[in-house]
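# Understanding the architecture of this molecule
Spelled out from the first residue to the last, the chains are:
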Amino acid sequence: MAGGYNKRVDLITGSPTRKIDAVRERLAREGRDVILLSTGQPGFLPPRFLRERLAQALLDEVFKKLYSYTPTPGYADVREAIAEDLAALGGPRMEPDDILVTAGGQEAMFAALSTILEPGDKVILMDPTYFGYRPIVEYLGGRVEWVRAPPYLGFQPDEERLKEAFTRDVKAVVLVSPDNPTGRLLSIESAKLVADLAVDTGAWIVYDEAYKTLVFEGEHVYLYKLAPDNTISINTFSKDPGFPGWRLGYLYGPGWIVGKIRLVSEELVYCPPSIAQVAAKIYLEDREGRLRHLEYAREFLKTRMEAMAGALEEMLPEAVFARPGGSMFITVDLSSYLSKASITSEDLSVKLLDEESVATVPGRYFGPSGDTMLRLSFATETPERIREGIGRLARLLERLA
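The sections below set out a description of the structure shown in this document. The model shown is predicted, which means the values in this text are computed figures rather than measured ones.

So, on to the pattern of salt bridges. For the structure on display, the rule yields 30 salt bridges. Glutamate 138 is the partner of arginine 134 in a salt bridge, and the nearest nitrogen-oxygen pair spans 2.8 Å. In this pair, arginine 134 and glutamate 138 are both assigned in helix α5 (residues 133–139), four residues apart and thus about one turn of the helix distant. Taking the relative accessible area as the measure of exposure, arginine 134 reaches 26% and is therefore partly exposed. Of the charged contacts in the structure, one is a salt bridge between glutamate 217 and lysine 302, with a shortest N-O distance of 3.4 Å. Here the residue glutamate 217 occupies a position in the loop between β6 (204–208) and α8 (223–226), and lysine 302 occupies one in helix α11 (residues 287–315), the gap between them amounting to 85 residues. By relative accessible area, which is 49% here, glutamate 217 ends up partly exposed. Via salt bridges that share partners, Lys122, Arg143, Glu145, Arg161, Glu164 and Asp169 belong to a single interconnected network.

Another aspect to go through is the nonpolar core. Residues Met308, Leu312, Leu316, Leu334 and Leu348 are the most contacted members of the largest nonpolar core, which totals 40 residues. Counting residues per element, the ones that place at least two in this core are α11, β9 (329–333), α12 (335–341), α13 (345–356), β12 (373–377) and α14 (383–400). If you tally residues by element for this core, the top one is α11, at eight residues. Of all hydrophobic cores here, the second largest spans 35 residues; its members include Leu100, Val174, Val176 and Ile232.

The next subject is the packing of aromatic side chains. A full pass over the atoms with the stated rule returns 15 aromatic pairs. Arranged with centres 5.2 Å apart and planes meeting at 75 degrees, the rings of tyrosine 69 and tyrosine 270 form a pair that is edge-to-face. Of this pair, tyrosine 69 sits in the loop between α2 (48–59) and α3 (76–88) while tyrosine 270 is found in the loop between α9 (255–269) and α10 (274–285), placing the two residues 201 residues apart along the sequence. Note on tyrosine 296 and phenylalanine 300: the rings are 6.0 Å apart at their centroids and 55 degrees apart in plane angle, and the pair reads as tilted. Taken together, the positions of tyrosine 296 and phenylalanine 300, both in helix α11 and four residues apart, correspond to about one turn of that helix. The exposure class of tyrosine 296 is partly exposed, given its relative accessible area of 44%. Over the face of the ring belonging to phenylalanine 300 we find arginine 304, whose NZ or CZ atom lies 3.6 Å from the ring centre. Positioned above the aromatic ring of tyrosine 365, the side-chain terminus of arginine 364 is 4.6 Å from the ring centre.

Strand pairing in a sheet is mediated by backbone hydrogen bonds. Such pairs are either parallel or antiparallel. Judged by pairing direction, the sheet is mixed, and its seven strands sit side by side in the order β2-β8-β7-β6-β5-β3-β4 without closing on themselves. The strands lining the two open edges of the sheet, one partner per strand, are β2 (99–102) and β4 (143–148). Each strand axis lies, on average, 20 degrees off the axis of its neighbour in the sheet, ignoring direction. The pairing of strand β7 (residues 231–236) with strand β8 (residues 249–252) spans four bridges and is classified as antiparallel. Across the sheet, residue asparagine 235 finds its bridge partner in β8, namely tyrosine 250. Where α3 meets the sheet, it contacts β2 and β8, and its direction lies at approximately 115 degrees from that of β2.

Looking now at the packing of α13 against α14. Axis separation between α13 and α14 bottoms out at 10 Å; the angle between their running directions is 110 degrees. Relative to α14, the element α13 lies roughly perpendicular. Pair α13 / α14 crosses with right-handed handedness. Note on element contacts: α14 touches α13 through Arg392, Leu393, Arg395, Leu396, Leu397, Arg399 and Leu400, opposite Leu348, Lys351, Leu352, Glu355 and Glu356.

With that out of the way, let us pick up the sheet that holds β9. Judged by pairing direction, the sheet is antiparallel, and its three strands sit side by side in the order β9-β12-β11 without closing on themselves. Lying at the two open borders of the sheet, with one neighbouring strand each, are β9 and β11 (361–362). The pairing of β11 with β12 spans two bridges and is antiparallel. Within the sheet, the bridge partner assigned to valine 361 lies in β12 and is arginine 375. Relative to β9, α11 is tilted by about 15 degrees, and along the sheet it contacts β9 and β12.

Once that is clear, we can look at the pairing of strand β3 (residues 122–127). Here β3 lies mainly inside the structure; six of its six residues are buried. Neither face of β3 is open: one carries Lys122, Ile124 and Met126, the other Val123, Leu125 and Asp127, and all of them are buried. In the sheet, β3 pairs with β4 via six bridges, with the strands oriented parallel. The partner of aspartate 127 across the bridge, within β4, is arginine 148. By the bridge criterion, four bridges tie β3 to strand β5 (residues 170–176) in an arrangement that is parallel. Paired with lysine 122 across the bridge in β5 is valine 170.

Parameters and conventions
- Residues numbered from 1 in each chain as written.
- Predicted model: local features only at pLDDT ≥ 70, side-chain atom pairs only at ≥ 80, totals over all residues.
- Heavy atoms only, no water.
- Salt bridge = Lys/Arg side-chain N within 4 Å of Asp/Glu carboxyl O.
- Helix = DSSP H or I, 4+ residues; strand = E, 2+ residues; numbered from the N terminus.
- Buried < 20%, exposed > 50% of the residue type's maximum accessible area, 1.4 Å probe, protein only.
- Core = buried A, V, L, I, M, F, W, Y, C linked by side-chain atoms within 4.5 Å.
- Phe/Tyr/Trp six-rings, centres within 6.5 Å; stacked < 30°, edge-to-face > 60°.
- Lys NZ or Arg CZ within 6 Å of the ring centre and 35° of its normal.
- Pairing = 2+ DSSP bridges.
- Axes fitted to C-alpha atoms, helices over the stretch in contact; angles between N-to-C directions.
- Contact = heavy atoms within 4.5 Å.
- Parallel < 35°, antiparallel > 145°, perpendicular 65-115°, else oblique.
- Left-handed = near helix turned anticlockwise from the far one by under 90°.

So, in structure tokens, the structure goes:
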């Protein structure tokens, strides 16, 4: 074999949702109607005003920027629009130069962690948390330390465990709120504790705000306001505007570190997509249209969340979960049912897809405590199909027991 390869690549196991999508597509070709409770992309289209104006821009010959390389940090007017939008949402007031536009939130996360981590650095992750963080940390040579965020605490971080984990050798803590996979909003008490611990130890807070506008109950906490010198915030246009396939995100933080991250981003993708930036500018600058769409998106998801939560309470009364304050997910602990069936949640997820045509994501991908959990998405299916999916899950568990 010529040359070999970097063995750290083997630490990247690949997204479980991509694997599930591949199986779902195969089943669809076989004529199976799969109820999709696994996806992390919204079931609604971008707002009509955005699509109409972007279509016109594509036909307008003077709109040369749609087809050109862009500046590495993104167009200046796009960064200005992002800064104005952040302030309008109640977030921090940022200078455009402290904002870096990226080719999606995932690229922003990779570039940020690549910039701040050195081999051997310790990174705190919540258990459970989004499955995309750990592979990046380990690929970069970092060490993961898990802090439980259990169902009985509403998936808030265990405060005592958090204090124990924040030793002087911590380089960063990675958080997401509203949460993927649980949908919990980080409480102001937890946020203040994390901010204080990060400032005391000199650690970075890498804060994923992908779902910050998709809040049903409560309010999104902007950690940058609590620890501005320690916080790098990751954002995306894949969720509320509904164009994940156009790959656009951004990050903001202290100007000096954003400048360093920019260098990594340039080597990774050279520049963010031009057409997606134009779409983002159209979306953000039509304030009235954006607010109307946000109201629609939240209602779309909240209706489906209520359908899923109601079905779980009715059909699986021994299941343990917390009604999400935002995002697109409910994480449910099925310990009581799985002990009767003598299987893990991964076995259950496979059987559910194979025997009942319902796609879910096993909890083990989100942390060590996840063997008894499933992540269920209410992002795309109708309320009726969500109830049907939970009904199929309940029937399967009864059959296995």
